[in-house]
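What follows is the residue order along each chain.
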Amino acid sequence: MKITDARVVVSSPGRNYVTLIIETEDGVTGIGDATLNGRELSVAAYLADHLCPLLIGRDARRIEDTWHYLYKGAYWRRGPVTMTAIAAVDVALWDIKAKAAGMPLYQLLGGAARDGVLVYGHASGTTLDDLSADFQRHLDLGYKAVRAQAAVPGLDKTYGIAGGSGTVYEPANGNRPQEDTWETTAYLDFAPVMMGHIRERFGYGVHLLHDVHHRLSPIEAGRLGAAVERYRPFWIEDPTPAEDQSAFRVIRDHTTTPIAVGEVFNSIWDCQQLITERLIDYIRTSVSHSGGITHLRRIFSLAELYGVRTGSHGAGDLSPAAMAAALHVDLTVPNFGIQEYMGHTGPVGEVFRTSYTFTDGYMHPGDAPGLGVEFDEDAAARYPYDPKYLPVNRRLDGTVHDW
Ligand code: CS2
Ligand code: MG
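What counts and how
- Residues numbered from 1 in each chain as written.
- Chains lettered and ligands numbered in written order.
- Predicted model: local features only at pLDDT ≥ 70, side-chain atom pairs only at ≥ 80, totals over all residues.
- Heavy atoms only, no water.
- Helix = DSSP H or I, 4+ residues; strand = E, 2+ residues; numbered from the N terminus.
- Contact = heavy atoms within 4.5 Å.
- Pairing = 2+ DSSP bridges.
- Donors = N, O, S within 2.8 Å, 3.2 Å for Na, K, Ca; no water.
- Buried < 20%, exposed > 50% of the residue type's maximum accessible area, 1.4 Å probe, protein only.
- Near = heavy atom within 4 Å.
- Polar contact = N/O pair within 3.5 Å; in protein donor to acceptor, adjacent residues only side chain to side chain.
- Areas by Shrake-Rupley, 256 points an atom, 1.4 Å probe, with all protein chains shown as cover.
- 1 Å grid on protein atoms, 1.4 Å probe; cavity = no way out; pocket = protein on both sides within 12 Å on 5 of 7 lines; lining within 4 Å.
- Sits in = over half its atoms within 2 Å of the grid points.
- Nonpolar A, V, L, I, M, F, W, Y, C, P; charged D, E, K, R; others polar.
- Domains from an automatic or database assignment.
- Buried area = accessible area lost by both parts, 1.4 Å probe.
- Salt bridge = Lys/Arg side-chain N within 4 Å of Asp/Glu carboxyl O.

By the naming in an unreviewed UniProt entry, the chain is D-mannonate dehydratase ManD, taken from Nocardiopsis mangrovi.

Right under this line is the structure:
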(Lines give C-alpha, C1' and ligand atoms only; values in the text may rest on other atoms or scores of the structure.)
(Ligands and ions follow the chains in the order given, each with its own letter.)
Protein backbone atom coordinates (compact mmCIF):
# COMPACT_ATOMS: atom_id res chain seq x y z
CA MET A 1 0.00 0.00 0.00
CA LYS A 2 2.30 2.78 -1.20
CA ILE A 3 1.85 6.42 -0.17
CA THR A 4 1.24 8.50 -3.27
CA ASP A 5 0.60 11.91 -1.75
CA ALA A 6 1.08 13.74 1.57
CA ARG A 7 -0.06 17.34 1.92
CA VAL A 8 -0.60 19.91 4.67
CA VAL A 9 -3.69 22.12 4.98
CA VAL A 10 -3.55 25.17 7.25
CA SER A 11 -7.02 26.61 7.76
CA SER A 12 -8.85 28.76 10.28
CA PRO A 13 -12.54 27.75 10.61
CA GLY A 14 -13.04 29.66 13.85
CA ARG A 15 -9.39 29.11 14.89
CA ASN A 16 -6.21 27.88 13.21
CA TYR A 17 -5.77 24.14 12.54
CA VAL A 18 -3.02 22.28 10.71
CA THR A 19 -4.12 19.01 9.09
CA LEU A 20 -1.99 16.41 7.33
CA ILE A 21 -3.61 14.35 4.56
CA ILE A 22 -1.94 11.14 3.38
CA GLU A 23 -3.19 9.28 0.30
CA THR A 24 -2.29 5.78 -0.88
CA GLU A 25 -2.27 4.03 -4.24
CA ASP A 26 -5.35 2.11 -3.10
CA GLY A 27 -7.28 5.38 -2.79
CA VAL A 28 -7.42 5.17 1.01
CA THR A 29 -6.86 8.56 2.72
CA GLY A 30 -5.88 9.28 6.30
CA ILE A 31 -5.70 12.52 8.29
CA GLY A 32 -3.77 13.68 11.33
CA ASP A 33 -3.88 16.83 13.47
CA ALA A 34 -0.66 18.90 13.39
CA THR A 35 -1.89 21.96 15.26
CA LEU A 36 0.52 23.63 17.69
CA ASN A 37 -1.25 26.69 19.05
CA GLY A 38 0.68 29.87 18.20
CA ARG A 39 3.35 27.99 16.21
CA GLU A 40 1.17 26.39 13.53
CA LEU A 41 3.35 27.38 10.57
CA SER A 42 6.46 25.82 12.16
CA VAL A 43 4.84 22.38 12.15
CA ALA A 44 3.30 22.93 8.72
CA ALA A 45 6.75 23.72 7.32
CA TYR A 46 8.40 20.78 9.14
CA LEU A 47 5.85 18.49 7.54
CA ALA A 48 5.68 20.03 4.06
CA ASP A 49 9.41 20.68 3.65
CA HIS A 50 10.95 17.71 5.46
CA LEU A 51 8.55 14.85 6.21
CA CYS A 52 6.02 14.73 3.34
CA PRO A 53 8.72 14.26 0.64
CA LEU A 54 10.10 11.30 2.63
CA LEU A 55 6.69 9.64 2.86
CA ILE A 56 6.08 9.32 -0.88
CA GLY A 57 6.59 5.71 -1.95
CA ARG A 58 6.71 4.34 1.62
CA ASP A 59 4.37 1.49 2.60
CA ALA A 60 1.52 3.09 4.59
CA ARG A 61 1.10 -0.14 6.57
CA ARG A 62 4.56 0.18 8.20
CA ILE A 63 3.50 2.55 10.99
CA GLU A 64 6.14 1.52 13.54
CA ASP A 65 8.97 1.65 10.98
CA THR A 66 7.81 5.06 9.71
CA TRP A 67 7.68 6.40 13.28
CA HIS A 68 11.29 5.43 13.99
CA TYR A 69 12.41 6.46 10.51
CA LEU A 70 11.10 9.99 11.16
CA TYR A 71 12.14 10.14 14.83
CA LYS A 72 15.66 8.68 14.63
CA GLY A 73 16.22 9.83 11.06
CA ALA A 74 15.96 13.49 12.04
CA TYR A 75 18.94 13.24 14.46
CA TRP A 76 17.45 16.28 16.26
CA ARG A 77 14.94 14.56 18.49
CA ARG A 78 11.91 15.47 20.61
CA GLY A 79 10.37 18.93 21.09
CA PRO A 80 6.85 20.16 20.29
CA VAL A 81 7.37 20.91 16.58
CA THR A 82 9.07 17.62 15.70
CA MET A 83 6.75 15.45 17.78
CA THR A 84 3.57 17.18 16.58
CA ALA A 85 4.67 16.63 12.97
CA ILE A 86 5.47 12.96 13.63
CA ALA A 87 2.16 12.64 15.50
CA ALA A 88 0.20 13.81 12.47
CA VAL A 89 1.90 11.24 10.24
CA ASP A 90 1.31 8.50 12.80
CA VAL A 91 -2.40 9.25 13.28
CA ALA A 92 -2.99 9.52 9.52
CA LEU A 93 -1.36 6.09 9.02
CA TRP A 94 -3.49 4.54 11.77
CA ASP A 95 -6.56 6.14 10.13
CA ILE A 96 -5.57 4.50 6.80
CA LYS A 97 -4.88 1.12 8.40
CA ALA A 98 -8.25 1.03 10.17
CA LYS A 99 -10.11 2.20 7.06
CA ALA A 100 -8.36 -0.50 4.98
CA ALA A 101 -9.41 -3.06 7.63
CA GLY A 102 -12.98 -1.72 7.50
CA MET A 103 -13.17 -1.09 11.24
CA PRO A 104 -13.18 1.81 13.70
CA LEU A 105 -9.66 2.50 14.97
CA TYR A 106 -10.43 1.45 18.55
CA GLN A 107 -11.11 -2.11 17.35
CA LEU A 108 -7.62 -2.20 15.85
CA LEU A 109 -6.19 -0.96 19.17
CA GLY A 110 -7.61 -3.91 21.09
CA GLY A 111 -11.31 -3.14 21.29
CA ALA A 112 -13.36 -1.29 23.89
CA ALA A 113 -12.21 -1.64 27.52
CA ARG A 114 -15.22 0.47 28.68
CA ASP A 115 -18.65 1.51 27.49
CA GLY A 116 -17.80 5.20 27.15
CA VAL A 117 -15.10 7.80 27.76
CA LEU A 118 -15.65 10.05 30.79
CA VAL A 119 -14.97 13.65 29.74
CA TYR A 120 -14.76 16.95 31.58
CA GLY A 121 -16.12 20.30 30.44
CA HIS A 122 -14.95 23.83 31.21
CA ALA A 123 -16.90 26.23 33.41
CA SER A 124 -15.51 29.71 33.90
CA GLY A 125 -16.57 33.18 34.95
CA THR A 126 -15.35 36.66 35.72
CA THR A 127 -17.23 36.39 39.03
CA LEU A 128 -18.14 33.46 41.27
CA ASP A 129 -21.80 33.90 40.29
CA ASP A 130 -20.93 33.75 36.58
CA LEU A 131 -18.78 30.68 37.25
CA SER A 132 -21.65 29.03 39.13
CA ALA A 133 -24.08 29.74 36.29
CA ASP A 134 -21.67 28.20 33.76
CA PHE A 135 -21.02 25.26 36.10
CA GLN A 136 -24.76 24.63 36.34
CA ARG A 137 -25.03 24.83 32.54
CA HIS A 138 -22.48 22.02 32.26
CA LEU A 139 -24.37 19.92 34.79
CA ASP A 140 -27.55 20.50 32.77
CA LEU A 141 -25.69 19.25 29.68
CA GLY A 142 -24.94 16.02 31.55
CA TYR A 143 -21.27 16.47 32.48
CA LYS A 144 -20.12 14.37 35.44
CA ALA A 145 -16.82 16.28 35.63
CA VAL A 146 -16.29 20.03 35.25
CA ARG A 147 -13.17 22.20 35.36
CA ALA A 148 -13.65 25.49 37.20
CA GLN A 149 -11.66 28.65 36.39
CA ALA A 150 -12.50 32.16 37.57
CA ALA A 151 -11.00 35.62 37.26
CA VAL A 152 -8.71 36.40 40.19
CA PRO A 153 -9.91 39.55 42.00
CA GLY A 154 -7.57 42.43 41.24
CA LEU A 155 -6.13 40.91 38.07
CA ASP A 156 -7.57 42.14 34.79
CA LYS A 157 -6.87 39.02 32.70
CA THR A 158 -6.68 35.47 34.06
CA TYR A 159 -6.18 32.15 32.31
CA GLY A 160 -9.15 30.08 31.31
CA ILE A 161 -12.03 32.57 31.20
CA ALA A 162 -14.27 31.98 28.15
CA GLY A 163 -15.64 34.94 26.24
CA GLY A 164 -19.16 34.31 27.46
CA SER A 165 -21.45 31.51 28.55
CA GLY A 166 -21.54 28.74 25.99
CA THR A 167 -18.43 29.91 24.15
CA VAL A 168 -15.22 27.84 23.96
CA TYR A 169 -12.21 29.33 25.77
CA GLU A 170 -9.64 30.45 23.20
CA PRO A 171 -6.36 31.78 24.58
CA ALA A 172 -4.75 32.59 21.20
CA ASN A 173 -6.63 35.79 20.57
CA GLY A 174 -4.27 38.33 19.07
CA ASN A 175 -1.86 38.68 16.16
CA ARG A 176 0.60 39.82 18.81
CA PRO A 177 0.81 38.17 22.25
CA GLN A 178 -1.70 39.68 24.67
CA GLU A 179 0.02 40.67 27.91
CA ASP A 180 -1.70 39.16 30.95
CA THR A 181 -0.96 40.18 34.53
CA TRP A 182 -0.31 37.85 37.43
CA GLU A 183 0.05 38.02 41.20
CA THR A 184 0.61 34.70 42.96
CA THR A 185 -0.56 35.71 46.45
CA ALA A 186 -3.86 37.01 45.05
CA TYR A 187 -4.34 33.67 43.28
CA LEU A 188 -3.35 31.58 46.32
CA ASP A 189 -5.83 33.49 48.46
CA PHE A 190 -8.62 33.11 45.87
CA ALA A 191 -8.34 29.58 44.46
CA PRO A 192 -9.51 27.82 47.70
CA VAL A 193 -12.39 30.32 47.97
CA MET A 194 -13.44 29.48 44.42
CA MET A 195 -13.33 25.72 45.01
CA GLY A 196 -15.16 26.07 48.32
CA HIS A 197 -17.83 28.13 46.58
CA ILE A 198 -18.38 25.41 43.97
CA ARG A 199 -18.56 22.63 46.57
CA GLU A 200 -20.96 24.68 48.69
CA ARG A 201 -23.23 25.35 45.69
CA PHE A 202 -23.04 21.96 43.95
CA GLY A 203 -21.89 19.47 46.55
CA TYR A 204 -19.46 16.56 46.08
CA GLY A 205 -21.37 14.48 43.54
CA VAL A 206 -19.54 16.03 40.59
CA HIS A 207 -15.82 15.79 39.79
CA LEU A 208 -14.21 19.22 40.26
CA LEU A 209 -11.03 19.99 38.32
CA HIS A 210 -8.83 23.07 38.23
CA ASP A 211 -5.90 24.16 36.03
CA VAL A 212 -3.16 26.12 37.82
CA HIS A 213 -1.46 26.47 34.44
CA HIS A 214 2.22 26.28 35.41
CA ARG A 215 2.19 29.35 37.63
CA LEU A 216 3.34 28.36 41.10
CA SER A 217 6.66 27.48 42.66
CA PRO A 218 6.82 23.91 44.02
CA ILE A 219 6.27 24.97 47.63
CA GLU A 220 3.42 27.33 46.61
CA ALA A 221 1.86 24.39 44.77
CA GLY A 222 2.21 22.27 47.91
CA ARG A 223 0.48 25.01 49.88
CA LEU A 224 -2.38 25.23 47.34
CA GLY A 225 -2.81 21.45 47.27
CA ALA A 226 -3.04 21.30 51.07
CA ALA A 227 -5.49 24.24 51.17
CA VAL A 228 -7.94 22.59 48.75
CA GLU A 229 -7.75 18.98 50.00
CA ARG A 230 -11.04 19.43 51.87
CA TYR A 231 -12.76 20.28 48.57
CA ARG A 232 -11.57 16.95 47.14
CA PRO A 233 -10.53 18.12 43.65
CA PHE A 234 -10.38 15.41 41.00
CA TRP A 235 -7.03 17.02 40.24
CA ILE A 236 -5.09 20.26 40.19
CA GLU A 237 -3.36 20.57 36.82
CA ASP A 238 0.09 21.88 35.97
CA PRO A 239 0.69 23.28 39.47
CA THR A 240 4.31 24.14 38.63
CA PRO A 241 6.31 24.22 35.35
CA ALA A 242 6.50 20.57 34.35
CA GLU A 243 10.01 20.45 32.92
CA ASP A 244 11.41 20.49 36.46
CA GLN A 245 10.22 16.95 37.20
CA SER A 246 12.02 16.65 40.57
CA ALA A 247 10.11 19.70 41.86
CA PHE A 248 7.01 17.53 42.15
CA ARG A 249 8.60 15.69 45.09
CA VAL A 250 8.19 18.93 47.06
CA ILE A 251 4.51 19.07 46.17
CA ARG A 252 3.99 15.41 47.07
CA ASP A 253 5.61 16.03 50.45
CA HIS A 254 2.93 18.62 51.28
CA THR A 255 -0.37 17.38 49.89
CA THR A 256 -2.41 14.37 48.81
CA THR A 257 -4.41 16.43 46.29
CA PRO A 258 -4.18 14.56 42.95
CA ILE A 259 -1.87 16.12 40.36
CA ALA A 260 -2.22 16.11 36.55
CA VAL A 261 0.64 17.09 34.27
CA GLY A 262 1.71 16.58 30.69
CA GLU A 263 -0.07 18.61 28.03
CA VAL A 264 3.19 20.37 27.15
CA PHE A 265 5.16 17.12 27.07
CA ASN A 266 6.21 15.56 23.76
CA SER A 267 7.80 12.23 24.64
CA ILE A 268 8.00 9.45 27.22
CA TRP A 269 11.32 10.85 28.39
CA ASP A 270 9.66 14.15 29.33
CA CYS A 271 7.53 12.36 31.94
CA GLN A 272 9.60 9.28 32.80
CA GLN A 273 10.64 10.51 36.27
CA LEU A 274 7.18 11.88 37.11
CA ILE A 275 5.65 8.49 36.32
CA THR A 276 8.27 6.09 37.70
CA GLU A 277 8.57 8.04 40.98
CA ARG A 278 4.78 8.35 41.25
CA LEU A 279 5.01 12.14 41.44
CA ILE A 280 1.76 12.58 39.51
CA ASP A 281 -1.63 10.88 39.41
CA TYR A 282 -2.67 11.64 35.81
CA ILE A 283 -0.58 12.00 32.66
CA ARG A 284 -2.01 14.53 30.21
CA THR A 285 0.07 13.91 27.11
CA SER A 286 -2.00 14.27 23.94
CA VAL A 287 -2.10 12.32 20.69
CA SER A 288 -1.27 15.53 18.78
CA HIS A 289 1.78 16.73 20.69
CA SER A 290 3.48 13.52 21.89
CA GLY A 291 4.25 11.58 18.74
CA GLY A 292 0.81 10.23 17.85
CA ILE A 293 -1.00 7.04 18.81
CA THR A 294 2.10 4.85 18.60
CA HIS A 295 4.09 6.86 21.16
CA LEU A 296 1.13 7.89 23.32
CA ARG A 297 0.31 4.22 23.94
CA ARG A 298 3.88 3.68 25.12
CA ILE A 299 3.55 6.55 27.58
CA PHE A 300 0.23 5.18 28.82
CA SER A 301 1.67 1.67 29.20
CA LEU A 302 4.54 3.03 31.34
CA ALA A 303 2.01 4.99 33.38
CA GLU A 304 -0.07 1.85 33.92
CA LEU A 305 2.92 0.10 35.54
CA TYR A 306 3.05 2.85 38.21
CA GLY A 307 -0.65 3.35 38.82
CA VAL A 308 -0.78 6.63 36.91
CA ARG A 309 -3.97 7.14 34.94
CA THR A 310 -4.55 8.99 31.69
CA GLY A 311 -6.10 12.46 31.43
CA SER A 312 -5.28 13.67 27.94
CA HIS A 313 -5.29 17.28 26.88
CA GLY A 314 -8.31 18.11 24.70
CA ALA A 315 -8.53 21.89 24.41
CA GLY A 316 -10.24 23.52 21.45
CA ASP A 317 -6.86 24.09 19.82
CA LEU A 318 -6.55 20.35 19.21
CA SER A 319 -8.66 19.69 16.13
CA PRO A 320 -11.64 17.32 15.89
CA ALA A 321 -9.25 14.86 14.22
CA ALA A 322 -7.20 14.90 17.43
CA MET A 323 -10.33 14.54 19.57
CA ALA A 324 -11.41 11.51 17.58
CA ALA A 325 -7.98 9.88 17.84
CA ALA A 326 -7.92 10.58 21.57
CA LEU A 327 -11.30 8.90 22.05
CA HIS A 328 -10.21 5.79 20.16
CA VAL A 329 -7.17 5.49 22.46
CA ASP A 330 -9.14 6.40 25.60
CA LEU A 331 -11.71 3.68 24.89
CA THR A 332 -9.04 0.97 24.84
CA VAL A 333 -6.35 1.71 27.44
CA PRO A 334 -6.66 -0.09 30.82
CA ASN A 335 -5.52 2.90 32.92
CA PHE A 336 -7.90 5.45 31.45
CA GLY A 337 -8.72 8.32 33.82
CA ILE A 338 -10.56 11.13 32.08
CA GLN A 339 -10.51 13.03 28.78
CA GLU A 340 -10.60 16.80 28.41
CA TYR A 341 -13.32 17.97 26.04
CA MET A 342 -13.46 21.71 25.51
CA GLY A 343 -15.43 21.28 22.30
CA HIS A 344 -15.21 23.24 19.05
CA THR A 345 -17.31 26.14 17.88
CA GLY A 346 -18.07 28.12 14.76
CA PRO A 347 -17.50 26.73 11.26
CA VAL A 348 -15.21 23.91 12.43
CA GLY A 349 -18.01 21.47 11.60
CA GLU A 350 -17.93 22.53 7.95
CA VAL A 351 -14.30 21.39 7.68
CA PHE A 352 -14.27 18.36 10.05
CA ARG A 353 -17.28 16.04 9.88
CA THR A 354 -17.04 13.82 12.95
CA SER A 355 -18.64 10.60 14.18
CA TYR A 356 -17.98 10.94 17.90
CA THR A 357 -20.87 11.43 20.29
CA PHE A 358 -21.44 12.99 23.73
CA THR A 359 -24.10 11.42 25.94
CA ASP A 360 -24.67 12.20 29.61
CA GLY A 361 -21.05 13.06 30.37
CA TYR A 362 -19.46 10.28 28.32
CA MET A 363 -18.13 10.23 24.73
CA HIS A 364 -17.68 7.50 22.15
CA PRO A 365 -15.61 7.70 18.93
CA GLY A 366 -18.32 5.97 16.89
CA ASP A 367 -18.02 2.94 14.61
CA ALA A 368 -17.19 4.52 11.28
CA PRO A 369 -14.05 3.03 9.71
CA GLY A 370 -10.80 4.66 10.80
CA LEU A 371 -10.87 7.80 12.96
CA GLY A 372 -14.42 8.52 11.84
CA VAL A 373 -13.55 12.06 10.72
CA GLU A 374 -13.97 13.38 7.18
CA PHE A 375 -11.91 16.47 6.24
CA ASP A 376 -13.41 18.84 3.63
CA GLU A 377 -10.53 20.56 1.83
CA ASP A 378 -12.86 22.82 -0.17
CA ALA A 379 -14.46 24.07 3.04
CA ALA A 380 -11.01 24.48 4.63
CA ALA A 381 -9.96 26.71 1.72
CA ARG A 382 -12.72 29.14 2.67
CA TYR A 383 -10.96 29.84 6.00
CA PRO A 384 -7.35 30.94 5.41
CA TYR A 385 -4.72 30.99 8.14
CA ASP A 386 -5.17 33.84 10.62
CA PRO A 387 -1.96 34.56 12.61
CA LYS A 388 -2.62 34.29 16.33
CA TYR A 389 -0.34 34.14 19.38
CA LEU A 390 -0.80 32.82 22.89
CA PRO A 391 -0.58 35.45 25.64
CA VAL A 392 2.54 36.41 27.59
CA ASN A 393 2.15 36.65 31.36
CA ARG A 394 3.80 39.32 33.49
CA ARG A 395 3.84 39.83 37.24
CA LEU A 396 2.68 43.21 38.54
CA ASP A 397 6.28 44.46 38.53
CA GLY A 398 6.58 43.56 34.82
CA THR A 399 8.61 40.37 35.23
CA VAL A 400 7.73 37.74 32.62
CA HIS A 401 6.02 34.82 34.36
CA ASP A 402 4.78 31.42 33.20
CA TRP A 403 1.55 31.79 31.25
C1 CS2 B 1 -5.20 24.34 28.91
C2 CS2 B 1 -5.21 24.78 27.49
O3 CS2 B 1 -6.88 22.83 28.24
C4 CS2 B 1 -6.01 23.07 29.09
O5 CS2 B 1 -5.77 22.37 30.08
O6 CS2 B 1 -3.96 24.22 29.51
O7 CS2 B 1 -6.23 25.73 27.38
C8 CS2 B 1 -3.93 25.40 26.97
O9 CS2 B 1 -3.72 26.64 27.60
C10 CS2 B 1 -4.04 25.58 25.48
O11 CS2 B 1 -4.29 24.33 24.89
C12 CS2 B 1 -2.79 26.19 24.89
O13 CS2 B 1 -2.94 26.33 23.50
MG1 MG C 1 -3.98 22.79 31.02
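> Talk me through the side chain of His214; I want residue IDs and the actual numbers.
Within the secondary structure, His214 sits in the loop between β7 (207–211) and α7 (218–228). Setting aside its immediate chain neighbours within four residues, His214 contacts Asp238, Pro239, Thr240, Pro241, Val264, Asp402 and Trp403.

> Could you give me a rundown of the sheet that holds strand β18 (residues 400–401), with the residues and numbers involved?
Two modes of strand pairing occur in sheets, parallel and antiparallel, and in both the strands are linked by backbone hydrogen bonds. Strand order across the open sheet formed by three strands is β6-β17-β18, with mixed pairing between neighbours. Strands at the two margins of the open sheet, each flanked by one partner only, are β6 (179–182) and β18. As judged from the two bridges shared by strand β17 (residues 392–395) and β18, these two strands associate in the antiparallel manner. Considered in β18, the bridge of Arg394 is made with Val400.

> Tell me what's going on with the coordination of the magnesium ion (ligand 2), and back it up with residues and numbers.
At the metal site, the magnesium ion (ligand 2) is ligated by Asp211 (OD), Glu237 (OE) and Glu263 (OE), and these contacts range over 1.9 to 2.2 Å. Each donor residue of the magnesium ion (ligand 2) lies on one chain, and together they are spaced D-x25-E-x25-E. Residue Asp211 is found in strand β7, and its partner Glu263 is found in the loop between β9 (259–261) and α9 (268–276); the two are separated by 52 residues along the sequence. Judged by its relative accessible area of 2%, Asp211 is buried. Judged by its relative accessible area of 12%, Glu263 falls in the buried class.

> I'd like to hear about the site of ligand 1, residue by residue, with values.
Lining the immediate environment of ligand 1, one finds 16 residues, of which Tyr159, His213, Glu237, Glu263 and Glu340 sit closest. At 2.5 Å from an oxygen atom of ligand 1 is found a side-chain nitrogen or oxygen belonging to Glu263. In the environment of ligand 1, an oxygen atom lies 2.4 Å from a nitrogen or oxygen atom belonging to the side chain of Glu340. Summarising the interface, the protein chains cover 95% of the accessible area of ligand 1, which totals 340 Å² for the free molecule. The pocket occupied by ligand 1, as judged from atoms lying within 2 Å of grid points, is the largest pocket. A breakdown of the residues in the shell around ligand 1 according to their chemical character gives six nonpolar, three polar and seven charged.

> Kindly report on the domain arrangement of the chain, identifying the contributing residues and their values.
Taken domain by domain, the chain consists of domain 1 (3–104) and domain 2 (108–368). Of the roughly 2500 Å² buried where domain 1 meets domain 2, counting both sides, 63% is carbon and sulfur surface. Where domain 1 meets domain 2, there are three salt bridges. Ionic pairing is found between Arg298 and Glu64, a salt bridge with its closest N-O pair at 2.9 Å. Our enumeration of links across domain 1 and domain 2 arrives at 13 residue pairs in polar contact (both at pLDDT 80 or more). Taken together, the elements giving at least two residues each to the side of domain 1 that touches domain 2 come down to β2 (17–24), β3 (29–33), α2 (63–73) and α3 (80–101). Of the residues forming the side of domain 1 that touches domain 2, the biggest block, 11 residues, is contributed by α3. The residue inventory of the side of domain 1 that touches domain 2, partitioned by class, reads 17 nonpolar, six polar and six charged.

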